[in-house]
Amino acid sequence: MMMVCPLCTSRQTLFYHHDTRRDYQQCQRCEMVFVPKAQRLSREAEKAVYDRHDNAPGDAGYRRFLSRLFDPLQPHLAPGARGLDFGAGPGPTLSVMFEEAGHPMAIYDPFYAPATFPLEHCYNFITASEVVEHLFEPGREFERLAGMLLPGGWLAVMTKRVTSKEAFARWHYIRDPTHVSFFSEATFVWLAKHLQLSLTLPTDDVALLHKPVLRGEETD
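In this report, the structure presented in the accompanying data block is examined. This is a predicted model, so every value here is computed, not measured.

Here we look at the packing of aromatic side chains
Okay, so step 1: In this structure the tally under the stated criterion is 16 aromatic pairs.
Okay, so step 2: Measuring from ring centre to ring centre gives 4.6 Å for F70 and F98, while their planes differ by 45°; the resulting arrangement is tilted. Taken together, the residues span a long stretch of sequence, with F70 in helix 2 (residues 60–73) and F98 in helix 3 (residues 94–100) at a distance of 28 residues.
Okay, so step 3: Judged by relative accessible area, F70 falls into the buried class, the value being 14%.
Okay, so step 4: Given the relative accessible area of 0%, F98 is considered buried.
Okay, so step 5: Joined through ring pairs, the aromatic side chains of Y16, Y24, F168, W171, Y173 and F182 make up one cluster.
Okay, so step 6: Across from the ring centre of F136, 4.8 Å away, lies the NZ or CZ of R40, which sits over that ring.

Here is the structure:
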C-alpha cells in the first residue's frame, strides 16, 4: 500500500522491510524510510521510553558521544554565536557543552522543555542530536528549523543513516520503538536541495546544513 512520505509528502512509497513488530516504507523521491502512522507509539508510551534515559552533563561518556556532533560544528561558529538545542531530552548536555565554549544556548524539547518561546527566535546554529529519527512529521519540523536559521547559520543533525536493505534488516537502530524516520545520504541530499541549504557530511552519522548569506542580508 502506498503511503504519504512524512518528509517530502510524496505518495510514491513502497514496502521496504518488515520485522516482528513493524512495517517500513521507503519514499521513492527522498529515499527516507519510515514507519506507518498506525504503528507508531502513543505519546504516553513514547515518553515512557525516554524517561528511562539517564543522561546528564556530568556523564563523561555521554559528552564523548555528543562530541561527534560538537567537534565538526564548533569550528564553523563565530565567537558568541547563539544556538538552539532542539530535542534536548531529559538531561540537556549538548547545550552545556556549547555554553562552555562561549555560545549562549536555548533549549526545546516537546516532553522535557515544552515552552515554545525558543521556537519564536532565530539562531546562528541549531542542533538536533539523535532527534530526527523520532519525528512523526520530519518535513514540517525541518521547514520550521530552516526558517529559524539566521543567514550564514548551521543546522547540525546527528542520526545514524540507512545504507542498504540488508544492513537495515540487521540494524539495532530499528529496534528502538521510538525510532520512526530513517535517513540515508540521499535523503539529506534531497533535503538540502529542498531547503536551499548546502550540505556537508563530516561523518557517517552527522549532517551539517548551511544557510547561505545573500547579498544585503544580516547574519546577526
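Looking at helix 2
Helical periodicity: at 3.6 residues per turn, an α-helix aligns residues three or four positions apart in one direction.
Okay, so step 1: Counted at 1.5 Å a residue, the expected span for helix 2 with its 14 residues is 20 Å, and the 19 Å between its end C-alpha atoms agrees.
Okay, so step 2: Considering bend angle alone, the principal kink of helix 2 is centred on S67 and spans about 45°.
Okay, so step 3: Here helix 2 has its buried residues at Y62, L66, S67, L69, F70, P72 and L73.
Okay, so step 4: Buried-residue contacts for helix 2 involve helix 3, strand 6 (123–129), strand 7 (149–158), strand 10 (198–203) and strand 11 (206–210).
Okay, so step 5: In this structure D59 caps helix 2, since a side-chain oxygen of it lies 2.9 Å from the backbone nitrogen of G61.

Focus on the nonpolar core
Okay, so step 1: Counting 34 residues, the largest nonpolar core has L7, C30, L84, F86, I126, F142 and L155 as the members making the most contacts within it.
Okay, so step 2: Secondary-structure elements contributing two or more residues to this core are strand 4 (83–86), strand 5 (105–108), strand 6, helix 4 (138–147), strand 7, helix 6 (185–195) and strand 11.
Okay, so step 3: The residues contacting L7, other than those within four sequence positions of it, are C30, M32, P138, G139, F142, F183, T187, W190 and L191.
Okay, so step 4: Core analysis: the next-biggest nonpolar cluster, separate from the first, contains 17 residues, L69, L77, M105 and F125 among them.

Things to note about the pairing of strand 7
Okay, so step 1: Extensive coverage of strand 7 is indicated by the burial of nine of its ten residues.
Okay, so step 2: In the sheet, strand 6 pairs with strand 7 via six bridges, with the strands oriented parallel. For T127, the partnering residue across the bridge sits in strand 7 and is A156.
Okay, so step 3: Handedness of the crossover joining strand 6 and strand 7 through helix 4 is recorded here as right-handed.

Section: the side chain of S95
Okay, so step 1: With respect to the element layout, S95 can be found in helix 3.
Okay, so step 2: The contacts of S95, once residues within four sequence positions are left out, are D85, M105 and I107.

Thoughts on the environment of L66
Okay, so step 1: Note on placement: L66 falls in helix 2.
Okay, so step 2: Under the relative-accessibility criterion, L66 is labelled buried at 2%.
Okay, so step 3: Separated by 17 residues in the primary sequence, L66 and G83 place their C-alpha atoms 15 Å from one another.
Okay, so step 4: Not counting residues up to four positions away in its chain, the partners in contact with L66 are T93, L94, M97 and S129.

What counts and what doesn't
Residues numbered from 1 in each chain as written. Predicted model: local features only at pLDDT ≥ 70, side-chain atom pairs only at ≥ 80, totals over all residues. Heavy atoms only, no water. Phe/Tyr/Trp six-rings, centres within 6.5 Å; stacked < 30°, edge-to-face > 60°. Helix = DSSP H or I, 4+ residues; strand = E, 2+ residues; numbered from the N terminus. Buried < 20%, exposed > 50% of the residue type's maximum accessible area, 1.4 Å probe, protein only. Lys NZ or Arg CZ within 6 Å of the ring centre and 35° of its normal. Expected span 1.5 Å × (residues − 1). Bend = angle between axes of the 7 residues up to and from the residue. Contact = heavy atoms within 4.5 Å. Polar contact = N/O pair within 3.5 Å; in protein donor to acceptor, adjacent residues only side chain to side chain. Core = buried A, V, L, I, M, F, W, Y, C linked by side-chain atoms within 4.5 Å. Pairing = 2+ DSSP bridges. Right-handed = clockwise from strand over helix to strand, strands pointing away.

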